[in-house]
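Listed below are the residues making up each chain.
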Amino acid sequence: MFGMVRPCTHRLGERLTAQWMAHLCGLCLALRGQAGQFARVVTNYDGLVISVLTEAQAGAERAGRRRAGPCALRGMRRASVAEGDGARLAAAVSLILASAKTRDHVTDQDGLLARRPVAAAARRIAGVWDKEGARAGAGVGFDTALLVGAVERQPEVEALAGPGTPLLAVTEPTETATAAAFAHTAHLAGIPGNAAPLAEAGRLFGRLAHLLDAVEDQEKDAASGAWNPLTATGTPRAEARRLAADALHGIRLALDEAEFTDGRLAHVLLVHELGRSVERAFGEERHRHGAEAHGPAPGNPYAPGAPPHPGGPGDLPPPPPPREPRGLIPGCLVFVGMACTCQMCCGTYEGPWSRRRRDGMCKSCGDCCECCSCCSDGCQCCECCGCCDC
């Protein structure tokens, strides 16, 4: 539920971090206002990109800001948060997609959802999110039937996919849904000419979301027997990487065609940070294959073809078996606890749902000397990529 775009505050700089947090808190509060306190668990980084795009086109004053009261997730500090149509559209999209995800977990009987009482409660929650998401969408003139239709078509598309099926045929429903949401931000901002380029950016954003999810989950899906688009279609990782690179390039070109009042944060998220997300998804795989390609080190007694004897000198114990992922509701409870204690900001933590070890946002940024802060303190970008006026 965290999403692809996970920027580090060291890279954003003070000004853009304040904008980012305003949209994150705005989406969280919009979800609470639309569907109650529990709906705040579906706050996700990708959803707030919609709020960012709306404000980037309309400007902060037109898009709307308000002073929010103290919140435990902000250390009981007040803050300026985004409100208005952009935040409401982001909430509508988040609720609809979270409802679909919940139903998927119920159908797959994941974790506690294999128990009938828990599954029944999850279905009721999903029904509330569906209803409130549709109501929020209607309030900003967005027909959420486009999202629901795309979600409903996805299982049919997957059922027909097999070896040789183009991977982009599988990602099409996701692309259609995100294209519609991105394009609607242009209408909310009163710049209908931006609808076409932002629809293209949204289509490619949805493609990346599907691709990176497939890449990151392929090994886990193979172990559990779950369906994975790369495995089902026989698509090599190299081809998935090429498609991801093409999508990143297309998003940059689409943003260049759009008209923004202040597009710096949108550019950082959808060009720089999205590129880092692709690198994260494929980086571990490249490292592993690189180690395998070089073969065993000279003098390694455990070269291929000569496995060590169990219990012999230098024998390593087998790795512990992977832990079962948490179900939706237990994961949500763990997420709230982690968020309240800031465990996801720095250091490492266990994913609330996947139980994988993850780096906190401020640990994954690497060498902060490489950060350009997208020209907030002077232009040091590799191509002066248009995120500032220098």
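Residues numbered from 1 in each chain as written. Predicted model: local features only at pLDDT ≥ 70, side-chain atom pairs only at ≥ 80, totals over all residues. Heavy atoms only, no water.

Visitor: Hey, could you run me through the overall build of the protein chain in this one?
Guide: Regarding its fold elements, the protein chain presents 12 helices and four strands. Per-residue burial for the protein chain yields a buried fraction of 47% across its 390 residues. Taking contacts inside the protein chain between residues at least 6 apart in sequence as the whole, the part at least 24 apart equals 66%. As displayed, the protein chain offers around 19300 Å² of accessible surface, 56% of which is attributable to carbon and sulfur atoms. (Helix = DSSP H or I, 4+ residues; strand = E, 2+ residues; numbered from the N terminus. Buried < 20%, exposed > 50% of the residue type's maximum accessible area, 1.4 Å probe, protein only. Contact = heavy atoms within 4.5 Å. Areas by Shrake-Rupley, 256 points an atom, 1.4 Å probe, with all protein chains shown as cover.)

Visitor: Mind showing me how you'd approach the packing of helix H1 (residues 9–35) against helix H2 (residues 48–58) here?
Guide: The angle between the axes and the distance between the axes are what describe a pair of packed helices. The geometry of H1 relative to H2 is characterised by a closest axis approach of 9 Å and an angle of 120° between their N-to-C directions. The angle between H1 and H2 falls in the class oblique. The handedness of the crossing between H1 and H2 is right-handed. Judged by residue contacts, Trp-20, His-23, Leu-24 and Leu-27 of H1 engage Leu-48, Ser-51, Val-52 and Glu-55 from H2. (Axes fitted to C-alpha atoms, helices over the stretch in contact; angles between N-to-C directions. Parallel < 35°, antiparallel > 145°, perpendicular 65-115°, else oblique. Left-handed = near helix turned anticlockwise from the far one by under 90°.)

Visitor: I would appreciate a short explanation of helix H8 (residues 195–224) in the present structure.
Guide: Since one α-helical turn is 3.6 residues long, residues separated by three or four positions face the same way. Compared with the 44 Å implied by 1.5 Å per residue over 30 residues, the 41 Å span of H8 between its first and last C-alpha is a close match. Within H8, the axis deviates most sharply at Gln-218, by approximately 55°. Once H8 finishes, Gly-225 follows within two positions and takes phi at roughly 80°, a positive value. (Expected span 1.5 Å × (residues − 1). Bend = angle between axes of the 7 residues up to and from the residue.)

Visitor: Can you help me understand the pattern of salt bridges in this one?
Guide: A side chain of one charge can pair with a side chain of the opposite charge when the charged atoms of the two come close. Considering all chains together, one arrives at 13 salt bridges under this definition. Residues Asp-130 and Arg-103 are paired through a salt bridge, measuring 2.5 Å at the closest nitrogen-oxygen approach. With Asp-130 in helix H5 (residues 116–139) and Arg-103 in helix H4 (residues 85–108), this residue pair connects regions lying 27 residues apart in the sequence. In this structure Arg-103 comes out as partly exposed when scored by relative accessible area, which is 36%. The partner of Arg-135 in a salt bridge is Glu-132, with the nearest N and O atoms 2.5 Å apart. Separated by three residues within a single helix, Arg-135 and Glu-132 lie in helix H5, roughly one turn from each other. (Salt bridge = Lys/Arg side-chain N within 4 Å of Asp/Glu carboxyl O.)

Visitor: How do you make sense of the packing of aromatic side chains when you look at a structure like this?
Guide: Where two aromatic rings form a pair, the distance of their centres and the angle of their planes describe that pair. Counted according to the given criterion, the structure contains three aromatic pairs. Relative to Phe-205, the ring of Phe-182 lies with its centre 5.3 Å away and its plane at 35°, an arrangement referred to as tilted. Remark: Phe-205 occurs in helix H8 and Phe-182 occurs in helix H7 (residues 167–189); sequence separation between them is 23 residues. A residue is classified by how much of its surface remains accessible, and Phe-182, at 3% relative accessible area, is buried. (Phe/Tyr/Trp six-rings, centres within 6.5 Å; stacked < 30°, edge-to-face > 60°.)

Visitor: What is the right way to look at the environment of Leu-248 in this model?
Guide: Along the chain, Leu-248 turns up in helix H10 (residues 237–257). Spatially, the C-alpha atoms of Leu-248 and Gly-275 are 6.8 Å apart, while their sequence positions differ by 27 residues. Beyond its immediate sequence surroundings of up to four residues, Leu-248 is in contact with Leu-208, Leu-274, Gly-275 and Val-278.

Visitor: Explanation requested: the confidence of the model for the protein chain in the structure shown.
Guide: As a note on interpretation, predicted positions should not be read in detail where pLDDT is low. The pLDDT averaged across the protein chain works out to 80; a share of 77% of its residues lies at or above 70. Here strand E3 (residues 348–350) is the element of the protein chain with the lowest mean pLDDT, 67, and H10 is the one with the highest, 96. Predicted confidence is poor over residues 284–316, with pLDDT under 50, and the contacts of this stretch with residues over four places away or in other chains come to 15 contacts. Low pLDDT, under 50, characterises residues 366–390; the stretch is placed with 33 contacts to residues that sit more than four places away or in other chains. (pLDDT = per-residue confidence, 0-100.)

Visitor: I would appreciate a short explanation of the packing of H2 against H7 in the present structure.
Guide: Where H2 meets H7, the closest approach of the two axes is 9 Å, and the angle between their N-to-C directions is 35°. The two elements H2 and H7 meet at a crossing, and its hand is right-handed. Listed contacts from H7 to Val-49, Ile-50, Leu-53, Thr-54, Gln-57 and Ala-58 of H2 are Ala-181, Phe-182, Thr-185, Ala-186, Leu-188 and Ala-189. Residue classes in the contact of H2 with H7 are distributed as nine nonpolar, three polar and no charged. (Nonpolar A, V, L, I, M, F, W, Y, C, P; charged D, E, K, R; others polar.)

Visitor: Even after reading the chapter, I still don't get the side chain of Glu-55, so can you show me in this structure?
Guide: Mapped onto the elements of the fold, Glu-55 is located in helix H2. Within polar-contact distance, the side chain of Glu-55 engages the side chain of His-23 at 3.3 Å. (Polar contact = N/O pair within 3.5 Å; in protein donor to acceptor, adjacent residues only side chain to side chain.)

Visitor: I would appreciate a short explanation of the environment of Phe-282 in the present structure.
Guide: Relative to the helices and strands, Phe-282 is located in helix H11 (residues 264–294). Residues Phe-282 and Glu-216, 66 residues apart in the sequence, show an inter-C-alpha distance of 8.1 Å. For Phe-282, the residues in contact, after removing those within four places along its chain, are Leu-212, Val-215, Arg-237, Ala-240, Arg-241 and Ala-244.

Visitor: Any chance you could explain H5 here in plain terms?
Guide: Between the first and last C-alpha of H5 there are 35 Å, a value that for 24 residues agrees with the 34 Å anticipated at 1.5 Å per step. Regarding H5, the residues found buried are Ala-119, Ala-122, Ala-126, Trp-129, Glu-132, Gly-133, Ala-136 and Gly-137. Elements in contact with the buried residues of H5: H1 and H4.

Visitor: Where do I start with the environment of Ala-87 in this structure?
Guide: Among the secondary structure elements, Ala-87 is positioned in helix H4. For the pair Ala-87 and Ser-51, spaced 36 residues apart in sequence, the C-alpha to C-alpha distance is 5.0 Å. Setting aside residues up to four positions removed in sequence, Ala-87 forms contacts with Gly-26, Leu-27, Ala-30, Ser-51 and Ala-82.

Visitor: Honestly, the nonpolar core in this entry has me stumped. Any pointers?
Guide: Within soluble globular proteins, side chains that are nonpolar generally end up buried alongside one another. Formed by 79 residues in total, the largest nonpolar core has its most connected members in Leu-208, Leu-270 and Leu-274. Setting aside residues no more than four positions away along its own chain, Leu-208 makes contact with Met-4, Ala-244, Ala-247, Leu-248, Ile-251, Leu-274 and Val-278. In terms of nonpolar packing, the next biggest core, distinct from the first, is built from five residues, Cys-25, Leu-29, Ala-68 and Val-81 among them. (Core = buried A, V, L, I, M, F, W, Y, C linked by side-chain atoms within 4.5 Å.)

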